Amino acid sequence: MTFSGLYEPQVGWDAVHQFQPHYFTAIFSCSSGQSMGAINALHQLGYRVPDDVSLISIDNHVLNDYVRPTLTAIEIPLAKLVTTALDRIRLLKEGVKTLGLTRITGELVERESVRKIGWEADRE
């Protein structure tokens, strides 16, 4: 299931309330703000993060360490993303017709909002 909206807490809140009658075990959000809204909505509905629902965000906002549970996130290297985009624009302006793909990888920052399952849980 998907839910679209801005990168704000209200979007996470609304998504949880829309899908609440359906059973889900994880939420992947596009921003920490959405995740914080989702955490609050899940708490209000009686769900526990991460025991009932795991949550992960695609940005690594400074507040991720201060929400409870702390929020697992994917850190996007924004400086590298911007410099790569600017370099590619410069090349296009210089007449380069074909640009190869550039892969910019993020880094998983593990915190408390994702439940360990399977063999990972058994190791602890």
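Since the model is a prediction, treat every value here as computed from it, not as a measurement.

Scoring rules and cut-offs
- Residues numbered from 1 in each chain as written.
- Predicted model: local features only at pLDDT ≥ 70, side-chain atom pairs only at ≥ 80, totals over all residues.
- Heavy atoms only, no water.
- Buried < 20%, exposed > 50% of the residue type's maximum accessible area, 1.4 Å probe, protein only.
- Helix = DSSP H or I, 4+ residues; strand = E, 2+ residues; numbered from the N terminus.
- Pairing = 2+ DSSP bridges.
- Right-handed = clockwise from strand over helix to strand, strands pointing away.
- Contact = heavy atoms within 4.5 Å.
- Polar contact = N/O pair within 3.5 Å; in protein donor to acceptor, adjacent residues only side chain to side chain.
- Salt bridge = Lys/Arg side-chain N within 4 Å of Asp/Glu carboxyl O.
- Core = buried A, V, L, I, M, F, W, Y, C linked by side-chain atoms within 4.5 Å.

1. Side note on the pairing of strand β2 (residues 54–57)
Side-chain direction in a regular strand flips from residue to residue, so the side chains alternate between the two faces of the sheet.
Working step 1: Alternating residues of β2 divide into S54 and I56 and L55 and S57, and every residue in both groups is buried.
Working step 2: In this sheet, β2 lies alongside strand β1 (residues 26–29) in parallel orientation, the contact comprising 4 bridges. In the sheet register, F28 faces β2, and the bridge partner there is I56.
Working step 3: Taken together, β1, helix α2 (residues 32–44) and β2 constitute a β-α-β crossover, and its handedness is right-handed.
Working step 4: Strand direction decides the pairing type here: β2 and strand β3 (residues 72–75), joined by 2 bridges, are parallel. Looking at the pairing, S57 lines up with A73 of β3.

2. Concerning the environment of T102
Working step 1: Position of T102 among the secondary structure elements: in the loop between α3 (78–93) and β4 (107–109).
Working step 2: Judged by its relative accessible area of 44%, T102 falls in the partly exposed class.
Working step 3: Ignoring sequence-local partners within four residues, the contact set of T102 consists of T84 and R88.
Working step 4: Engagement of the side chain of T102 in a polar contact is seen with the side chain of R88, the distance being 2.9 Å.

3. Brief notes about the pattern of salt bridges
Working step 1: Across all of its chains, the model carries 4 salt bridges by this definition.
Working step 2: Across the pair D51 and R48 runs a salt bridge, and its minimum N-O distance is 3.5 Å.
Working step 3: For D51, a relative accessible area of 43% puts it in the partly exposed group.
Working step 4: A salt bridge links R48 to D52; its shortest N-O distance comes to 3.1 Å.

4. A few points about the nonpolar core
Working step 1: In this structure, V16, F24, I27, L42 and L55 are the most contacted members of the largest nonpolar core, which totals 14 residues.
Working step 2: If you tally residues by element for this core, the top one is α2, at 5 residues.
Working step 3: Residues within four places of V16 in sequence aside, it is in contact with I27, A38, A41, L42 and L45.

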